[in-house]
Amino acid sequence: MSFPMDGCPSKLRHGVICAWVVHYTVLFLFLTRCKGQSHMVGPSQPTVAKIGADIMLPCHLEPVVDVTDQTIEWTRPDLNPRFVHVLRDGVELKTKKYWSYVGRTSVSMDKLRHGDISLKLYKVKLSDTGTYRCFIPTLKIESTVELVVGAVSSLTISFLRCENGLVLQCESAGWYPEPEVSWLDGEGHVLSAGPTETVRGPDDLYIVSSRVTVDKRHSNSFTCRVQQNHINQTRETHVQVPEDFFNAPSSVGPVAIGSAVVFMLILAVIFAVWKWRRKHNSQSVKTFSSTELSSLSKDRRETLPIMAESMDIKDLDATKTSLDAKLKDVMEEFKDIEGLFNFLTDQKKNVHDQMHRIALQLHDVEMGRDGIISVVEEKGKQKEEKSVNYEKETQNEEQCSDARTNLETTKRELRRSMQDKDTFLRSIFCGVIIVRERCKLLDISKNQIKKQLEEIEEQRNEIQSKLTSET
């Protein structure tokens, strides 16, 4: 039996072919769309880490895809080379890695099978702060993670009497980024304080200090609060000021003045040694102003022959060597200043603790004196009622009088000791202020030298490029 070309069997065969084409086309589009839906997911907020801690920089694929056979790149665009961690077929390419991340990063192979390419960063440094890029070249998908590195520290409060009242000082060393300092009273009300003093140490961490003058209050309780909103960190410390600190006289004795003079003499000797060191360093190392460094301007160098260009490079190299030595001296003095600051801080804490113990002793003496007065008054009432043995009562009165005299003597000695400590504390405050001012000057000098070194490097690169092009 023959079938015409346009018969039913031909139509059926044509329909089957069309159905197959449609089926595979839909399947292809479905698979292609599913593949296109895979995207990289990172955190919506910055990741915060403390210095010295281990941190995970999150990054994963949705929907889950096994990427163990893919090339994974973690980079920081501001670095050169920019690579932080590179994986190719499960093997890390360490030769491409930026030097400060060597031995401090890892990616879990088990997690890669589930689309998790998060980077583990160990022993976080302050220099790790920045934006990280998570990238898979073959899939052309990426995400970014912003890392904010912070540092926090404990607080110390000390107090010092002055003519206007009692001055409380709060200090904390080792913060990053720069924090804010505030004072609160016992009821939680914010106190009006002077401007916060801030110094950046050689480790690039901030040292903050704040003072507030207070008067006698119901609870005599005060709080210093240091907070850093970028890393969501807050530290507080409380102090209960003894009542005697508000009532103690402001006069000082010759012993206290002598202690202060001795302490200031020690500081003077230390600073004399530093001054000699700076003078010695300034004789051996010449500093260069920005005007001198810019004397080899681009316009001038374009008119010089190759021999002159070579001499300019030698001059710049000599200048760079001198500035490197100067920068080294500044950083060494920074360390010396930091050591003295720590010494003064320890001394201040010790004196503060001693003053607190003296205040407690004064309180006990006052309580003992009040007890003796109460006993004497009670005996006086009994004597008026003629209900006591006069001979025995006379003996008791003499004992009470002797005890009261001893307590008064003890009280005077404690107050004198308190005055000595108070004056000694004033001397320490003076030393701390001097050290802070020196830190500020050193920080300015350090930044100036670094800027000059950058200018030298730019000029040297320009000359080198010109030499290369001419040869």
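A. Up close: the overall build of the protein. In terms of helices and strands, the protein carries 8 helices and 19 strands. Out of the 471 residues belonging to the protein, those deemed buried represent 38%. At a minimum sequence separation of 6, the contacts of the protein that also span at least 24 residues come to 68%.

B. Representation of unusual backbone geometry within the structure. A cis amide bond links glutamate 62 with the next residue in sequence, proline 63, at an omega value of -5°. In this fold, proline 63 is placed in the loop between strand S4 (60–62) and strand S5 (71–75). Of note, the amide linkage connecting asparagine 80 to proline 81 takes the cis form, showing an omega dihedral of 0°. Within the secondary structure layout, proline 81 lies in the loop between S5 and strand S6 (83–88). For aspartate 89, which is not glycine, the phi torsion reads 55° and is therefore positive. Mapped onto the secondary structure, aspartate 89 falls in the loop between S6 and strand S7 (91–92). Taking the relative accessible area as the measure of exposure, aspartate 89 reaches 54% and is therefore exposed. One non-glycine residue with positive phi stands out, namely asparagine 232, at about 55°.

C. Representation of the sheet that holds strand S8 (residues 105–106) in the model. Pairing in this open sheet of 3 strands is antiparallel, and the strands run S3-S9-S8 from one edge to the other. Two strands close off the open sheet at either side, each with one partner strand: strand S3 (55–57) and S8. Of the pairings in the sheet, the one linking S3 to strand S9 (residues 119–121) comprises 3 bridges and is antiparallel in character. Each bridged residue has a counterpart across the sheet, and for methionine 56 the counterpart in S9 is lysine 120.

D. Quick peek at the state of the cysteines. Per the counting criterion, the structure on display carries 1 disulfide. Each sulfur of the disulfide joining cysteine 170 and cysteine 224 lies 2.0 Å from the other. As the torsion about the S-S bond is roughly -85°, the cysteine 170-cysteine 224 disulfide counts as left-handed. Linking cysteine 170 in strand S13 (residues 165–175) with cysteine 224 in strand S18 (residues 221–228), this pair joins segments that are 54 residues apart in sequence. Given a relative accessible area of 0%, cysteine 224 falls into the buried group.

E. Structural detail: the environment of leucine 362. By the secondary structure assignment, leucine 362 is in helix H7 (residues 306–384). In this structure the C-alpha to C-alpha distance between leucine 362 and lysine 411, which are 49 residues apart in sequence, comes to 6.4 Å.

F. Looking closely at the environment of phenylalanine 159. Here phenylalanine 159 is to be found in strand S12 (residues 156–162). Given a relative accessible area of 1%, phenylalanine 159 falls into the buried group. Measuring from C-alpha to C-alpha, the distance between phenylalanine 159 and valine 241 comes to 8.5 Å, with 82 residues separating the pair along the chain.

G. Seen up close, the sheet that holds strand S15 (residues 190–191). One open sheet accounts for 4 strands, arranged S15-S14-S18-S19; its pairing is antiparallel. If you trace the sheet from one side to the other, it starts and ends with S15 and strand S19 (233–240), each paired once. Both S18 and S19 contribute to a ladder of 8 bridges, which runs antiparallel. Counterpart to cysteine 224 in the pairing with S19 is threonine 237.

H. Quick look at the nonpolar core. If you look at the biggest cluster of nonpolar residues, it comprises 50 residues, and the most contacted ones within it are Trp74, Ile117 and Leu168. Beyond its immediate stretch of four places on either side in the chain, isoleucine 117 contacts Met40, Cys59, His60, Val67, Ile72, Trp74, Val107, Leu112, Cys134 and Ile136. Ranked by size, the runner-up nonpolar core spans 32 residues in total, among them Ile313, Val435, Leu442 and Leu467.

I. Seen up close, the environment of histidine 230. Position of histidine 230 among the secondary structure elements: in the loop between S18 and S19. Taking C-alpha positions, histidine 230 is 9.1 Å from proline 179, a pair spaced 51 residues apart along the chain.

J. Highlighting the pattern of salt bridges. Across all of its chains, the model carries 10 salt bridges by this definition. Residue glutamate 236 pairs with arginine 225 through a salt bridge whose shortest N-O separation is 2.5 Å. Residue glutamate 236 is found in strand S19, and its partner arginine 225 is found in strand S18; the two are separated by 11 residues along the sequence. Taking relative accessible area as the criterion, arginine 225 reaches 26% and is therefore assigned partly exposed. When the shortest N-O distance is used, the salt bridge between lysine 446 and aspartate 443 registers 3.5 Å. With lysine 446 and aspartate 443 both in helix H8 (residues 390–470) and 3 residues apart, this pair spans about one turn of that helix. Pair check on accessibility: lysine 446 and aspartate 443 agree, each one buried. Three or more residues are tied together by salt bridges with common partners; here these are Arg200, Asp204, Asp443 and Lys446.

K. Main features of the packing of aromatic side chains. Using the criterion set out here, one finds 4 aromatic pairs in the structure. Aromatic pair tyrosine 98 and tryptophan 99: ring centres 5.8 Å apart, planes at 35°, arrangement tilted. Judged by relative accessible area, tryptophan 99 falls into the exposed class, the value being 63%. Summarising the aromatic geometry, the rings of tyrosine 176 and tyrosine 206 are spaced 6.0 Å apart at their centres and angled 20° between planes, so their arrangement reads as stacked.

L. Representation of the pairing of S13. In terms of burial, S13 is largely enclosed, as 9 of its 11 residues are buried. Where S13 meets strand S17 (residues 206–214), 9 bridges bridge the pair, whose relative direction is antiparallel. Residue pairing for S17: leucine 168 is matched across the bridge by valine 212.

M. Region of the structure containing the confidence of the model for the protein. The predicted model of the protein has a mean per-residue pLDDT of 75, with 67% of residues at 70 or higher. Across the protein, S9 holds the top mean pLDDT of 96, while helix H6 (residues 298–301) sits lowest at 43. Predicted confidence for residues 249–257 stays below pLDDT 50, and this span has 12 contacts to residues more than four positions away or in other chains. Of the regions scoring below 50 in pLDDT, residues 283–307 engages in 40 contacts with residues more than four places distant in sequence or in other chains.

Calculation notes
- Residues numbered from 1 in each chain as written.
- Predicted model: local features only at pLDDT ≥ 70, side-chain atom pairs only at ≥ 80, totals over all residues.
- Heavy atoms only, no water.
- Helix = DSSP H or I, 4+ residues; strand = E, 2+ residues; numbered from the N terminus.
- Buried < 20%, exposed > 50% of the residue type's maximum accessible area, 1.4 Å probe, protein only.
- Contact = heavy atoms within 4.5 Å.
- Pairing = 2+ DSSP bridges.
- Disulfide = S-S within 2.5 Å.
- Core = buried A, V, L, I, M, F, W, Y, C linked by side-chain atoms within 4.5 Å.
- Salt bridge = Lys/Arg side-chain N within 4 Å of Asp/Glu carboxyl O.
- Phe/Tyr/Trp six-rings, centres within 6.5 Å; stacked < 30°, edge-to-face > 60°.
- pLDDT = per-residue confidence, 0-100.

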